[in-house]
Amino acid sequence: MDEQDIYANVEGPSGLHIKWERVQSSENIYQNEDTCCSVETDRTGPALSDLEESNTVKKRSCIATALILGLLCLLLLTGLVILVFLYTKDKSNWELKMLRLQTSYNNLTEKQHQLQTSYNNLDEENHQLKTSYDNLTEEKAQLKKQLEDATTDLRKKLQALRWTYFADKYYYISSTMQTWQDSRNDCLQKGADLVIINSPEEQEFISSRKISTWIGLTDAETEGTWKWVDGTLLGSLRYWAESEPNNGYGNENCAKISSSNLEKNWYDESCDFKMYWICEVQLI
Ligand SMILES: [Ca+2]
Ligand SMILES: [Ca+2]
Ligand SMILES: [Ca+2]
């Protein structure tokens with residue numbers, strides 16, 4: 001008895017209709033089994049070599065990929081090593097530069113400190129010098145005042161002794177008459193000497209005394225060579241009277257200023273002749 005008969009004998013509320021569906025289902029099952037079998041037959045046939053080839057390709061692809069990845073890793077590692085080397089090198093250079101800069105900064109700071117100390121010392125010294133300068137200035141003013149007072153007092157005393165002040169010089173006009181040499185000796189004894197005419201102003205001042213006096217001029221050493229008592233030769237400044245000096249009687253070797261006129265009033269005269277004289281001295 002086959003399966004179709006079994007289902008035909010089953011009673012139920014559906015009758016033949018149910019039985020037919022069952023038969024159809026069975027047929028479908030068998031049909032599916034055939035299909036399945038045909039598929040399995042395809043797997044075990046010519047498709048196996050393709051699968052192996054595909055696997056081989058996949059393996060090669062995997063190996064290539066692994067090699068590329070390995071190469072990339074190697075490159076990355078190399079780059080990383082280079083970066084670490086460069087970083088370490090740069091860091092060392094920077095540390096060296098920083099050390100040098102710090103050393104330079106310390107040196108500059110030390111120099112600045114030394115300069116500041118020197119500046120402070122100089123400032124203090126400048127302050128002391130300024131104080132000393134002020135003190136000296138004040139002392140100078142006091143000394144100047146004392147000198148002026150002493151000079152005024154001296155002039156008064158010298159005037160009392162027949163000394164006259166003119167152009168920073170003092171002049172003594174004698175009240176007695178002596179030879180030229182005795183007159184000079186008197187001047188030397190007073191710390192002065194016979195007057196030397198150095199300027200037109202001095203010539204005018206002496207002439208204004210309106211008195212005939214010896215002056216400090218002589219040619220006793222060499223006739224015709226006139227010298228002042230300080231040893232200087234007579235220059236272009238000269239006030240000889242007309243026809244003078246004439247070395248009268250061959251024995252006129254000393255010079256005098258005559259009161260006969262105010263300009264050309266020099267004469268040579270015998271040194272043994274006695275007359276007044278004028279001494280000259282510069283005290284200050
Ligand atoms: Ca003079
Ligand atoms: Ca003479
Ligand atoms: Ca003469």
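Residues numbered from 1 in each chain as written. Chains lettered and ligands numbered in written order. Predicted model: local features only at pLDDT ≥ 70, side-chain atom pairs only at ≥ 80, totals over all residues. Heavy atoms only, no water.

Looking at an unreviewed UniProt entry, the chain carries the name C-type lectin domain family 4 member E-like, with the source organism given as Betta splendens.

Undergrad: Whenever I open this one, the nonpolar core confuses me. Can you help?
TA: Where a protein is soluble and globular, its nonpolar side chains tend to be buried together. Ranked by internal contacts, the top residues of the largest apolar core, which has 34 residues, are Trp163, Ile206, Ile215, Leu217, Trp228 and Trp266. Apart from the residues lying within four places of it in its own chain, the contact partners of Ile215 are Trp180, Leu194, Val195, Trp228, Ala255, Lys256, Ile257 and Trp266. (Core = buried A, V, L, I, M, F, W, Y, C linked by side-chain atoms within 4.5 Å. Buried < 20%, exposed > 50% of the residue type's maximum accessible area, 1.4 Å probe, protein only. Contact = heavy atoms within 4.5 Å.)

Undergrad: Help me out: how do you make sense of the side chain of Asp193 in this one?
TA: Here Asp193 is to be found in strand β3 (residues 193-194). Residue Asp193 is classed as buried on the basis of its relative accessible area of 16%. Not counting chain neighbours up to four residues away, the residues in contact with Asp193 comprise Arg184, Cys187, Leu188, Val229, Ile278, Cys279 and Glu280. (Helix = DSSP H or I, 4+ residues; strand = E, 2+ residues; numbered from the N terminus.)

Undergrad: Explain a nonpolar patch on the surface here, please?
TA: A cluster of nonpolar side chains, contributed by Ile68, Leu69, Leu71, Leu72, Leu74, Leu75, Leu77, Leu80, Val81 and Val84, occupies part of the molecular surface with about 960 Å² of accessible area. By the element assignment, Leu74 lies in helix α3 (residues 47-160). On the basis of relative accessibility, which here comes to 48%, the residue Leu74 falls in the partly exposed class. (Patch = residues over 30% accessible without salt bridge, like charges linked within 9 Å, V, L, I, M, F, W, Y side chains within 5 Å. Areas by Shrake-Rupley, 256 points an atom, 1.4 Å probe, with all protein chains shown as cover. Salt bridge = Lys/Arg side-chain N within 4 Å of Asp/Glu carboxyl O.)

Undergrad: Before we go on, may I ask you to explain the coordination of the calcium ion (ligand 1) in this structure?
TA: Tetrahedral coordination by four donors sets the ideal angle at the metal to 109.5 degrees; octahedral coordination by six donors sets it to 90 or 180 degrees. For the calcium ion (ligand 1), every protein donor is listed as Ile196 (O), Asn198 (OD1), Glu202 (OE), Glu202 (OE), Glu280 (OE) and Glu280 (OE), and the spread of their distances is 2.2 to 2.7 Å. Each of the 6 donor atoms around the calcium ion (ligand 1) contributes to a set of angles spanning 51 to 137°, which defines the coordination as irregular. In terms of primary sequence, the donors binding the calcium ion (ligand 1) are separated according to I-x1-N-x3-E-x77-E. By relative accessible area, Ile196 is classed as buried at 11%. Accessibility expressed as a relative area gives 4% for Glu202, which makes it buried. (Donors = N, O, S within 2.8 Å, 3.2 Å for Na, K, Ca; no water. Tetrahedral: all angles 85-135°; square planar, octahedral: opposite > 155°, others 65-115°.)

Undergrad: Before we go on, may I ask you to explain the pattern of salt bridges in this structure?
TA: Oppositely charged side chains can form a pair if their charged atoms are brought close together. Taken as a whole and assessed by the stated rule, the structure comprises 8 salt bridges. Asp134 is paired through a salt bridge with Lys130; the nearest N and O atoms lie 3.5 Å apart. Of this pair, Asp134 and Lys130 both sit in helix α3, 4 residues apart, roughly one helical turn. The shortest N-O distance in the salt bridge between Lys169 and Glu280 comes to 3.3 Å.

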